[in-house]
Amino acid sequence: MLLFDPEFVDVIADGFLLRGFVIDAKEGRQHEYLQLWLVRPRSTNDGPPLAPFDARKWMKRLPVEERSGNEPSVSEQWLKTHKTT
């Protein structure tokens, strides 16, 4: 997977957070998903796996997009803007 337009968010524990878009093509349509990735370096690829990451310790520091639930979806906004009559 590729992360497009990555934005550095924060340093947490032994890693850092990146926010960006993942693009997927299905059935002739392109879909963009906003994702938050946790990046944790390993000393070697053949070394032991990293210890599990406990997100509960960091939940209050993670970025949250506040929404009321009444906003139109991105698709609805786009269709309204680009509607042809």
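Since the model is a prediction, treat every value here as computed from it, not as a measurement. (Residues numbered from 1 in each chain as written. Predicted model: local features only at pLDDT ≥ 70, side-chain atom pairs only at ≥ 80, totals over all residues. Heavy atoms only, no water.)

### Side note on the overall build of the protein
- Helix and strand content of the protein: one helix and three strands.
- Ordering the α and β elements of the protein from the N terminus gives β-β-β-α.
- For the protein, the proportion of its 85 residues judged to be buried stands at 11%.
- Of the roughly 7700 Å² of accessible surface on the protein, 55% is carried by carbon and sulfur atoms. (Helix = DSSP H or I, 4+ residues; strand = E, 2+ residues; numbered from the N terminus. Buried < 20%, exposed > 50% of the residue type's maximum accessible area, 1.4 Å probe, protein only. Areas by Shrake-Rupley, 256 points an atom, 1.4 Å probe, with all protein chains shown as cover.)

### Quick notes on unusual backbone geometry
- With phi around 50°, Asp5 is a residue other than glycine that occupies positive phi space.
- Mapped onto the elements of the fold, Asp5 is located in strand 1 (residues 4-12).
- On the accessibility criterion, Asp5 (63% relative accessible area) is exposed.
- For Ala13, which is not a glycine, the phi torsion comes out positive at approximately 50°.

### A look at a nonpolar patch on the surface
- The grouping of Leu2, Phe4, Phe21, Ile23 and Leu34 at the surface amounts to a nonpolar patch, some 450 Å² of accessible area in total.
- With respect to the helices, strands and loops of the structure, Leu2 is situated in the segment before strand 1.
- Take Leu2: its relative accessible area is 59%, and that puts it in the exposed class. (Patch = residues over 30% accessible without salt bridge, like charges linked within 9 Å, V, L, I, M, F, W, Y side chains within 5 Å. Salt bridge = Lys/Arg side-chain N within 4 Å of Asp/Glu carboxyl O.)

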